[in-house]
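A closer look at the structure
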Amino acid sequence: MEQRGIELVPASERYGRPRDLLFLWAGTTTTVFTVVYGTIVVAMGLSFWQAVAAIVIGNLLAFPLVGFSSIQGMQHGTSTMAISRAAYGNKGARVLGFFGWLNMVGFEAGGMVMITLAGLTLLKQAGVEGEGLGLKVAIVLIAAVIQLILPLIGHAAVMKAQKYLTWVFVAMFVVMAILVAPKANLTAGGSADFSTFTLAVMLVMSGGGLSWAPLGGDYSRYLPVDSSRKAVFGYAFLGGFVPYLLLMILGAAVATVVTNASDPISGLPGALPSWFVVPYLLLTVVTLFAANTTDLYSSGLNLQAAGIRIKRWAAVVLDLIFCVIITFVAITSDSFNTMLNAFLGLVVVWLAPWAGIYVTDWLRRKGVYDAASLFDESGPGQIRWAGLIAQAVGMLAAGLWLNSSVYVGWLSSATGGSDFSIFAGFVVAGAVYAALDRRAVPVKELAHA
């Protein structure tokens, strides 16, 4: 069992190759959820080809952030949210670590709810009828035990498992694409205006590369420090970008066949032949376990980055307990799924400013940090107000241009319902941070640049 949390990984314990990141991210992102994102884009009123354009643009803009944060993890041997301490201060960054932890737990709970629903449907296919609470609780508890195994063992187990799962997932989704392709009506769908198109691009970015960006360093931090930066960036980028691009387009095609395809359990299977429904449901369960594995491992690291003094394995167990509680609430509440989706739709409000500050800080330091200082809790600069103020202003800017199911910002209303929340949050936070942060970058950091 891996004992190390966000502590620096010494050179003697580094292992692996940059191409391992290709399988890690492909295994994580090749899921039914990714297909569902594509169906939602069409359900927003876009034609198939408009959806393809939004999918390409959104993923091209977002997934470079995963490659970028992966480079930082490899260079400095710690998690992405720990590296964020350079901009916010070692104590000031705790609030961002908490946001990151909350973000991961939310996605984990969403996956666990879907696993539970898929499990109930599989049991029904096998002739086991029942919608009682007892059966649902049993499925959740069994799923939780299975879900705990890989994140609890640690980094090496996650990396190896994702490598083999990737090939299985790719084969199954190729079969699914072959079955759907003859039915797809690529001229179907509406013709959305520009405002709706921007909403679709924001959905693609927030559900893809932007939400995965805070995890990049978590999986690259064990790579040898002399690994090629280009290779680390390229493999991490492609591992997420290619599955998201292809599976979202597949989802958009499915949406031209089944109008309620955004429901992955009772809707999307309508586009498939009856003999493939059970394999599809099994695929749904296993791919969600794989994605949740990545989330659960990183959520434990984020809890440590939030300043909670807890062992990595204990953080994983605690995170899963929270996830199980949320799942129980979800399966017994008619409105909880709506609330959860609304919560996940608001994550861009903190993620976009964080990304803008993270990139700006990297540019100022020419990509090199004094890694040891990130864990010094007695030195100066424990709270860096430039980063925290820039984060707050960026969140305000993102909120003003947000168009979600629970809140529509003033700038969004003034521009016909458009959504530029990610761009506004990223640019404004980065610009404010650059203007406020007048510290001289330590010579010992620039000496390595």
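Because the structure is predicted, anything quoted here is derived from the model rather than measured. (Residues numbered from 1 in each chain as written. Predicted model: local features only at pLDDT ≥ 70, side-chain atom pairs only at ≥ 80, totals over all residues. Heavy atoms only, no water.)

1. Re the overall build of the protein chain
In terms of helices and strands, the protein chain carries 21 helices and zero strands. Over its C-alpha trace the protein chain gives a radius of gyration of 21 Å, about what one expects of a compact globule, namely 22 Å for 449 residues. In the protein chain, which comprises 449 residues, the share counted as buried stands at 57%. Long-range contacts, defined here as pairs at least 24 residues apart, represent 87% of the contacts in the protein chain between residues at least 6 apart. Of the accessible surface of the protein chain, which amounts to about 17,500 Å², a share of 70% is contributed by carbon and sulfur atoms. (Helix = DSSP H or I, 4+ residues; strand = E, 2+ residues; numbered from the N terminus. Rg over C-alpha atoms; globule rule 2.2 N^0.38 Å. Buried < 20%, exposed > 50% of the residue type's maximum accessible area, 1.4 Å probe, protein only. Contact = heavy atoms within 4.5 Å. Areas by Shrake-Rupley, 256 points an atom, 1.4 Å probe, with all protein chains shown as cover.)

2. Brief notes about the nonpolar core
As a rule of thumb, nonpolar side chains are buried together in soluble globular proteins. Residues Leu-21, Trp-25, Tyr-88, Tyr-219 and Trp-354 are the most contacted members of the largest nonpolar core, which totals 81 residues. Setting aside chain neighbours within four positions, we find Trp-354 in contact with Thr-80, Met-81, Ser-84, Tyr-88, Leu-96, Ala-213, Pro-214 and Gln-391. (Core = buried A, V, L, I, M, F, W, Y, C linked by side-chain atoms within 4.5 Å.)

3. Topic: the pattern of salt bridges
If the charged atoms of two oppositely charged side chains come close together, the side chains can form a pair. This model, assessed by the stated rule, comprises six salt bridges. Notably, a salt bridge pairs Glu-13 with Arg-4, separated by 2.9 Å at the nearest N-O pair. One salt bridge in this structure joins Glu-377 and Arg-309, with 2.7 Å as the shortest N-O distance. Residue Glu-377 is found in the loop between helix 17 (348-364) and helix 18 (385-400), and its partner Arg-309 is found in the loop between helix 14 (277-305) and helix 15 (312-331); the two are separated by 68 residues along the sequence. Within this structure, Glu-2, Arg-221 and Arg-312 form a network of salt bridges that share partners. (Salt bridge = Lys/Arg side-chain N within 4 Å of Asp/Glu carboxyl O.)

4. Focus on unusual backbone geometry
At Lys-366, a residue that is not glycine, the phi angle is positive and equals roughly 55 degrees. With respect to the helices, strands and loops of the structure, Lys-366 is situated in the loop between helix 17 and helix 18. For Lys-366, a relative accessible area of 56% corresponds to the exposed category.

5. Quick look at a nonpolar patch on the surface
A grouping of Leu-318, Ile-321, Phe-322, Ile-325 and Val-329 is seen on the molecular surface, where their side chains present a nonpolar patch of about 390 Å² in accessible area. Inspection of the secondary structure assignment puts Leu-318 in helix 15. Its relative accessible area of 30% is what places Leu-318 among the partly exposed residues. (Patch = residues over 30% accessible without salt bridge, like charges linked within 9 Å, V, L, I, M, F, W, Y side chains within 5 Å.)

6. Let's talk about helix 13 (residues 229-255)
Compared with an ideal rise of 1.5 Å per residue, which puts 27 residues at 39 Å, helix 13 spans 39 Å between its outermost C-alpha atoms and is within 8% of the ideal. Of all the bends found along helix 13, the most pronounced is centred on Leu-238 and spans about 25 degrees. With a side-chain oxygen lying 3.4 Å from the backbone nitrogen of Lys-230, the N-terminal cap of helix 13 falls on Ser-228. (Expected span 1.5 Å × (residues − 1). Bend = angle between axes of the 7 residues up to and from the residue. Polar contact = N/O pair within 3.5 Å; in protein donor to acceptor, adjacent residues only side chain to side chain.)

7. Concerning the packing of aromatic side chains
Here the structure, examined in full by the defined rule, presents 20 aromatic pairs. Their ring planes at 70 degrees and their centres at 5.7 Å tell us that Trp-25 and Trp-212 sit as a pair that is edge-to-face. In this pair, Trp-25 sits in helix 1 (residues 20-29) while Trp-212 sits in helix 11 (residues 209-212), placing the two residues 187 residues apart along the sequence. Looking at Trp-25, the relative accessible area reads 0%, which means it is buried. Taking 5.1 Å as the distance between ring centres and 65 degrees as the angle between the ring planes, the aromatic pair formed by Phe-63 and Tyr-244 counts as edge-to-face. Placement of the pair is Phe-63 in the loop between helix 3 (48-62) and helix 4 (64-76) and Tyr-244 in helix 13, with a sequence separation of 181 residues. Ring pairing ties together the aromatic residues Phe-98, Phe-99, Trp-101, Phe-322 and Trp-350, which thus form one cluster. (Phe/Tyr/Trp six-rings, centres within 6.5 Å; stacked < 30°, edge-to-face > 60°.)

8. Observations concerning the environment of Gly-379
Inspection of the secondary structure puts Gly-379 in the loop between helix 17 and helix 18. Between the C-alpha atom of Gly-379 and that of Lys-366, which follows or precedes it by 13 residues, the distance is 23 Å.

9. Side note on the packing of helix 1 against helix 9 (residues 155-180)
Two elements in contact, helix 1 and helix 9, have axes whose closest approach is 7 Å; the angle formed by their N-to-C orientations is 65 degrees. You can see that helix 1 and helix 9 cross each other, and the crossing is left-handed. In this structure, helix 1 uses Asp-20, Leu-21, Phe-23, Leu-24, Ala-26, Gly-27 and Thr-28 to contact helix 9, whose residues at the interface are Val-158, Met-159, Gln-162, Lys-163, Thr-166, Trp-167 and Phe-169. Here the residues of the contact of helix 1 with helix 9 are counted per class, giving eight nonpolar, four polar and two charged. (Axes fitted to C-alpha atoms, helices over the stretch in contact; angles between N-to-C directions. Left-handed = near helix turned anticlockwise from the far one by under 90°. Nonpolar A, V, L, I, M, F, W, Y, C, P; charged D, E, K, R; others polar.)

10. Considering the packing of helix 3 against helix 4
Taken N-terminus to C-terminus, the directions of helix 3 and helix 4 make an angle of 15 degrees; their axes are 5 Å apart at the nearest point. What the angle tells us is that helix 3 and helix 4 run roughly parallel. For the pair helix 3 and helix 4, contact is made by Asn-59, Leu-60, Leu-61 and Ala-62 and by Pro-64, Leu-65 and Val-66, respectively. Considering only residue class, the contact of helix 3 with helix 4 consists of six nonpolar, one polar and no charged. (Parallel < 35°, antiparallel > 145°, perpendicular 65-115°, else oblique.)

11. Looking at helix 17
Over its 17 residues, helix 17 extends 24 Å from the first C-alpha to the last, a length consistent with the 24 Å expected when each residue adds 1.5 Å. Burial within helix 17 is extensive, with 14 of its 17 residues counted as buried. One or two steps after helix 17, the chain reaches Lys-366, where phi turns positive at roughly 55 degrees.

12. A look at the confidence of the model for the protein chain
With 95% of its residues at a pLDDT of 70 or more, the protein chain shows a mean pLDDT of 88. Looking at the elements of the protein chain, mean pLDDT is at its lowest for helix 21 (residues 443-446), recorded as 46, and at its highest for helix 18, recorded as 96. (pLDDT = per-residue confidence, 0-100.)

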